[in-house]
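# Fold and geometry: a report
One letter stands for each residue in the lines below.
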Amino acid sequence: MDLLGQAIDEAVAGAGRAVLLTGEAGVGKSRTSAAVTAAAEERGMTVLTGRAVRAVTPAPLRPLSQAVLSWLRANELPDTPELNAFRPALGRLAPQLAPADADRSSAEQATSLVLLGEGLLRLLTTIGGGDGVVLHVEDLHWADPETMVVLEYLADNLADSPVVLLTTTRPLPAPAQESMESLATRGALTMLTLAPFEDGAIEEMVRGCLGGDAPAEVSTFIRANAGGLPLLVEELLTGLATDGTLAQVGDDWRVDGPIAASVPQTFARTVQQRLGALPLEAQRVARAAALLGGGFDWSVLPVALEYDDVTVLDALRLLVAKQIVVSTAEGFDFRHALTREAVRAAMLPPEQAELAQRLSAGLAAPGTTADNAGIAELQELAGDPGGAARTWLLGAQAALGRGALATAREMLDRGLRLVPADSDTGLSLREVLVDVVSLAGDAAAGLRIGRELLEDLRSGGGEPARLAVVRLRMARSAWSSGRLDEAEDLLAGAAGYDEAGAAVLRAGIALGRFRHEEALTHARHALEVVGDDSPGVACEAWELIGRTERGHDVLRAEEAYEQGFRIAERHDLGHWRSRMLTELAALDTVARRPTEDRLLAARAVALETGAVATAAQIDWYLNIVRLRNHDVDGALTIVNASIEQMQRLQLPLLGPAYLLRGFAHGLAGKFDEMEADIAAGLAVDPTNIVLIAGEHAHTRAPVALAYARYEEARSEFALAMTWYRKHPGQLFTLRGAWALLETVLGDGPEAGDAARAEVRDGEQATTPATWFALRYADAVAAGRAGDGEAAARIFADAEWAMPGREPWIELHLRALVATAAARDGWGDPVTWFRQALDGMVEIGQTEAASATRAAMRDAGIPVPRKSKGPQRVPAHLQRIGVTAREYDVLELAVEGLTNAAIAERLFLSARTVEVHVGRLLQRTGSASRAELAAHLVEPD
């Protein structure tokens, strides 16, 4: 608009310009040119408007005649002698401009388009007077050749005239396009191409049309179907409002019912008119392509339509020229999704069925690369439900092989809607469905579908091999939901079939019963016998090896997961790629400084493939990381949702999830809720060692640690160790913390010796979280033995710089070391106490901070004055509930720091900062972060 405004300014000053607005239909050419002419009229300029129209033989000079005649209907032409010589030519535009006494020479002059162009330029200059004039000609792509010649003359001669020639066009025919480009090259014409709107501009236009924000699903629908064209944005919104799908309630808009793409009538007519002007072969190609869908493979069209390649390509060339189809790097596509729908809507049902049958046969021919979904949809349209169901089955099997569980489930459901469930195809669809729902995590549904399927197969005299396959699939469902006895029974009923698959299931059952060596034996046997056609079985075997090893040696576990991941990558197994990423990311939870990055990446992949059970498992690991970083609010948000998911899917992690939530409630000081969660977790399976030991190791002990109740934590860890000694392969990353507590709090010179030896010589000694705490304990033992130099060296070895945030448990372990160092006279206990105290105050562990101050006083170490805490918060902010931590965030937010930068400065997680900012906005009534600055100042 800036350039167009400049053209108006220059014309008023006597320097004319020609401007051509070009772009596809609906892109906003008319809207833009109307805004320009309105601005010109506000400046006092005269505007003459004419439009070319579609016609088999366009009337010569029609748009120019319309422009002049429209002006003459309301205005008198000034008596200007200099126009007299051109009146014979101007008479072609308006009879009243012709001379009254025309003779032979006048008739000859009337045929000269050059004279007409010069006469029109002088006429426009006269009409504009001293204020300037705009000649506005729309739809130049339909203009006659004479009009194009006159306009070319005008464009070449406007420089010294107060005239703006403003024209609009879709892509022009080749000769006219070359003429315009030639004008642009020699500087006589400015060509402006209007591109479709980007998503942000579409959102802004939708808000403008509705006078407010649209529901999210409406915005998504408009972006997907409007193709960036303002015309279609308006048409689609009008359609939604007209049929009641989009309704205004007060100042808001809401969606009432499903949103479906309906082709606006005006747009449909435009498409059908363009299509109707083409040869029959091109029309038939367009209709067949519309059935193929977006991004269609043109190579199937010659086979299906019985045309040769040249005929089809000629038709596509015409469709591109008419802006129905576009050529892309991958082939061809319709210009807009609604263009395709407009073509389809004009077809009769028998015509659709006949074309669909031809296309489905062509796509299924050998050598084609069509996807099963496209073939199945065409078979449905052709009236072949049985063939479509069989194709949906093939597609689902392929999707399952790639690990695309959500896609596989959708294909199976579509196939089952087409055929009886007890037909041969229906039974096959249900067999695959057992696998899909089980792998997706809905084991209960897998068992239910499997039982119904077995009954139907038996009643139909099903073959033993087919029954065995179903039992194996059901065994997987039972095992994944923790029903180990049922899984074993089902496995026994499938003896002799699928040796590798059965071995993997035996490995999983053995691992579930904590028989680790047996699990490794079965998993390794599966790898020995699995064929190249079963990469998923190999992935599962490596996963089980990794899960077995992670309680013994994290490096061996990581190597196993890497092997499985490489197989998944090589065979493009999305589901197994997600699971291996999950297990690799889960190893981060045993790191000394855990992060969320790999877990969040794995979660995105899991949700993309439809593996909801894997996503729920990742949420559990995310909670561990967040609780270790004292992000209690963030953890509770996730764990509540994941418990609901685990209850619905009957996942084995339900019990541990309750214990984890109990841990979160304990950190938040909600001890009644903590006890309720512990009881709920144990009730899931009262005999499960993971839950029995986890109550003490992962809930009660760390909560006691958080409140500096160190003797209680020591006792709880000791109880947990009685169980872990019986099952040493169970993952327990706080073994080193237990050894440190025994060393610091034990009596006598040999206190903690046995604990340290047990941890050092036992499982998981090399895990980072265990190793550094064990080294802390070694330092304390050395200091107690009088070797302060060795103690300081060992502590420094454990304390070497680590990337990432310091988990709160490290603060307590450092406070324990400081207590021992002060008592035994080694190291720098003053610094260590103060580091621990500052960290505890920072995260709000008030009780622990008080206990640390008491320990410092007992050691004779000066205690820093308490932070002002809430007292540093201005009174006006205290009155609305702003906490000291929120005030810290407020000060940094108004400085312009991002959430991530604030988190780094305050040693918080970005999610916690986000929560604090949200509360500040709510408490202060601010609409944005920028408005928060005003609240730092006490109001008058």
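It should be emphasised that the depicted structure is a prediction, and the values quoted were computed from it without experimental measurement.

Now for helix H15 (residues 309-321). Taking 1.5 Å per residue, 13 residues should reach 18 Å; H15 reaches 18 Å between its end C-alpha atoms and fits that length. In the core, the buried residues of H15 are packed alongside helix H12 (265-276), helix H13 (280-292), helix H14 (300-305), strand S8 (325-328) and strand S9 (331-334). For H15, the N-terminal cap is aspartate 308; the gap from its side-chain oxygen to the backbone nitrogen of valine 310 is 3.2 Å.

With that settled, the discussion passes to the packing of helix H39 (residues 768-784) against helix H40 (residues 788-798). Interhelical geometry of H39 versus H40 gives an angle of 170° and a closest axis separation of 8 Å. Taken together, H39 and H40 sit at an angle that is classed as roughly antiparallel. Residue-level inspection shows Trp771, Phe772, Arg775, Tyr776, Asp778, Ala779, Ala782 and Gly783 of H39 in contact with H40, the latter providing Ala790, Ala791, Ile794, Phe795, Asp797 and Ala798. Counted by class, the contact of H39 with H40 contains 10 nonpolar, one polar and three charged residues.

Take the nonpolar core next. Membership of the largest hydrophobic core comes to 171 residues, with the highest contact counts inside it found for Tyr710, Leu740, Trp808, Leu813 and Trp826. When neighbours within four sequence positions are excluded, tryptophan 826 is seen to be in contact with Ala779, Val780, Gly783, Gly788, Ala791, Ala792, Phe795, Val817, Ala820, Ala821 and Trp832. Listed in part, the 53 residues of the second largest apolar core include Leu232, Leu237, Leu275 and Leu305.

The next thing to look at is the domain arrangement of the protein. The assigned domain composition of the protein is domain 1 (1-193), domain 2 (199-254), domain 3 (687-859) and domain 4 (875-935). Taking the mean C-alpha position of each, domain 3 and domain 4 sit 34 Å from one another.

Summarising the element assignment, tryptophan 826 is placed in the loop between helix H41 (808-824) and helix H42 (829-843). Relative accessible area serves as the criterion here: at 4%, tryptophan 826 is assigned to the buried category. Here the alpha-carbon distance between tryptophan 826 and arginine 784, two residues 42 residues apart in the chain, equals 8.9 Å.

As a further point, take the side chain of arginine 471. The topology assignment puts arginine 471 in helix H23 (residues 464-480). One buried charge, arginine 471, has no salt-bridge partner; the nearest side chain with opposite charge is aspartate 489, at 11 Å. For arginine 471, the side chain forms a polar contact with the main-chain oxygen of glycine 493, separated by 3.5 Å. The residues touching arginine 471, leaving out its near neighbours within four places in the chain, are Leu454, Arg458, Leu490, Gly493 and Ala494.

What follows covers the pattern of salt bridges. Taken as a whole, this structure holds 49 salt bridges when the rule is applied. Between arginine 287 and glutamate 351 there is a salt bridge, with the nearest N and O atoms lying 3.8 Å from each other. Placement of arginine 287 in helix H13 and of glutamate 351 in helix H17 (residues 349-363) is noted, with a sequence separation of 64 residues between them. What makes glutamate 351 partly exposed here is its relative accessible area of 25%. Salt-bridge contacts for arginine 714 lead to glutamate 742; the nearest nitrogen and oxygen are separated by 3.2 Å. Here the residue arginine 714 occupies a position in helix H36 (residues 710-724), and glutamate 742 occupies one in helix H37 (residues 735-745), the gap between them amounting to 28 residues. Classification of glutamate 742 as buried rests on a relative accessible area of 15%. Among the charged side chains, a salt-bridge network with shared partners connects Asp753, Arg756, Arg760, Arg775, Asp778 and Asp797.

Rules of the game
Residues numbered from 1 in each chain as written. Predicted model: local features only at pLDDT ≥ 70, side-chain atom pairs only at ≥ 80, totals over all residues. Heavy atoms only, no water. Helix = DSSP H or I, 4+ residues; strand = E, 2+ residues; numbered from the N terminus. Expected span 1.5 Å × (residues − 1). Contact = heavy atoms within 4.5 Å. Polar contact = N/O pair within 3.5 Å; in protein donor to acceptor, adjacent residues only side chain to side chain. Axes fitted to C-alpha atoms, helices over the stretch in contact; angles between N-to-C directions. Parallel < 35°, antiparallel > 145°, perpendicular 65-115°, else oblique. Nonpolar A, V, L, I, M, F, W, Y, C, P; charged D, E, K, R; others polar. Core = buried A, V, L, I, M, F, W, Y, C linked by side-chain atoms within 4.5 Å. Buried < 20%, exposed > 50% of the residue type's maximum accessible area, 1.4 Å probe, protein only. Domains from an automatic or database assignment. Lys, Arg positive; Asp, Glu negative; His and termini not counted. Salt bridge = Lys/Arg side-chain N within 4 Å of Asp/Glu carboxyl O.

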